[in-house]
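Letter by letter, the chains look like this.
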Amino acid sequence: MTHEEIIESIKEQYSRDLRKQLVKSLLEHEKNKDQAAIRSGYQIMNQIFYYVLNKLGWTIADNAEKWDSSPLDIMSEVFPKLETTQWFAQQHLQVKRGIELKMAEEAK
């Protein structure tokens, strides 16, 4: 699937208001440190993110040579202000660590 097809697919499944509300809820729960609500919100975002990764065929192994932020770019485009959440920052860190590990393995 192309980026545009993935974006349209998510937009068809989740209304604009629902997407905005998901991000707003995440930000609110992160601010209030409501762990149960944070876990629930992260679980929803992770499911959508895994869908994006799957449809792109994106893996750390294939993207270790160069930084490819396509999955996170798609998520940012579909979910306004998602990049301001801790969830987004964590995804960025996980991908970066994974790429660093893969590059370290290849350097051996």
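Computed from a predicted structure; not experimentally measured.

**Remarks on the side chain of Ser-70**
With respect to the helices and strands, Ser-70 occurs in helix α5 (residues 70-78). Sequence-distant contacts of Ser-70, that is, excluding residues within four places in its chain, are made with His-3 and Leu-56.

**A few points about the nonpolar core**
Among the nonpolar cores identified, the biggest contains 23 residues, and Ile-10, Met-45, Met-75, Phe-79, Leu-82 and Trp-87 are the most heavily contacted of them. When residues of this core are assigned to their parent elements, the largest contribution, seven residues, is made by helix α3 (residues 35-56). With residues up to four places along the chain from it excluded, the contact list for Ile-10 reads Ile-48, Tyr-51, Val-52, Val-78 and Phe-79.

**Description of the packing of helix α1 (residues 3-13) against α5**
Where α1 meets α5, the closest approach of the two axes is 10 Å, and the angle between their N-to-C directions is 40°. What the angle tells us is that α1 and α5 run oblique. Both α1 and α5 take part in a crossing whose hand is right-handed. Counted together, His-3, Ile-6, Ile-7 and Ile-10 of α1 and Ser-70, Ile-74, Glu-77 and Val-78 of α5 form the full contact between these two elements.

**A few points about the packing of aromatic side chains**
Inspection of every chain in the model, using the stated rule, returns one aromatic pair. Their ring planes at 85° and their centres at 5.4 Å tell us that Phe-49 and Trp-87 sit as a pair that is edge-to-face. Of this pair, Phe-49 sits in helix α3 while Trp-87 sits in helix α6 (residues 86-107), placing them 38 residues apart in sequence. Residue classification places Phe-49 among the buried positions, given a relative accessible area of 3%.

**With respect to the side chain of Ser-9**
Within the secondary structure layout, Ser-9 lies in helix α1. Accessibility expressed as a relative area gives 13% for Ser-9, which makes it buried. Apart from the residues lying within four places of it in its own chain, the contact partners of Ser-9 are Met-1 and Tyr-51.

Rules behind the numbers
Residues numbered from 1 in each chain as written. Predicted model: local features only at pLDDT ≥ 70, side-chain atom pairs only at ≥ 80, totals over all residues. Heavy atoms only, no water. Helix = DSSP H or I, 4+ residues; strand = E, 2+ residues; numbered from the N terminus. Contact = heavy atoms within 4.5 Å. Core = buried A, V, L, I, M, F, W, Y, C linked by side-chain atoms within 4.5 Å. Buried < 20%, exposed > 50% of the residue type's maximum accessible area, 1.4 Å probe, protein only. Axes fitted to C-alpha atoms, helices over the stretch in contact; angles between N-to-C directions. Parallel < 35°, antiparallel > 145°, perpendicular 65-115°, else oblique. Left-handed = near helix turned anticlockwise from the far one by under 90°. Phe/Tyr/Trp six-rings, centres within 6.5 Å; stacked < 30°, edge-to-face > 60°.

Bear in mind that shape data such as this cannot, by itself, settle questions of function.
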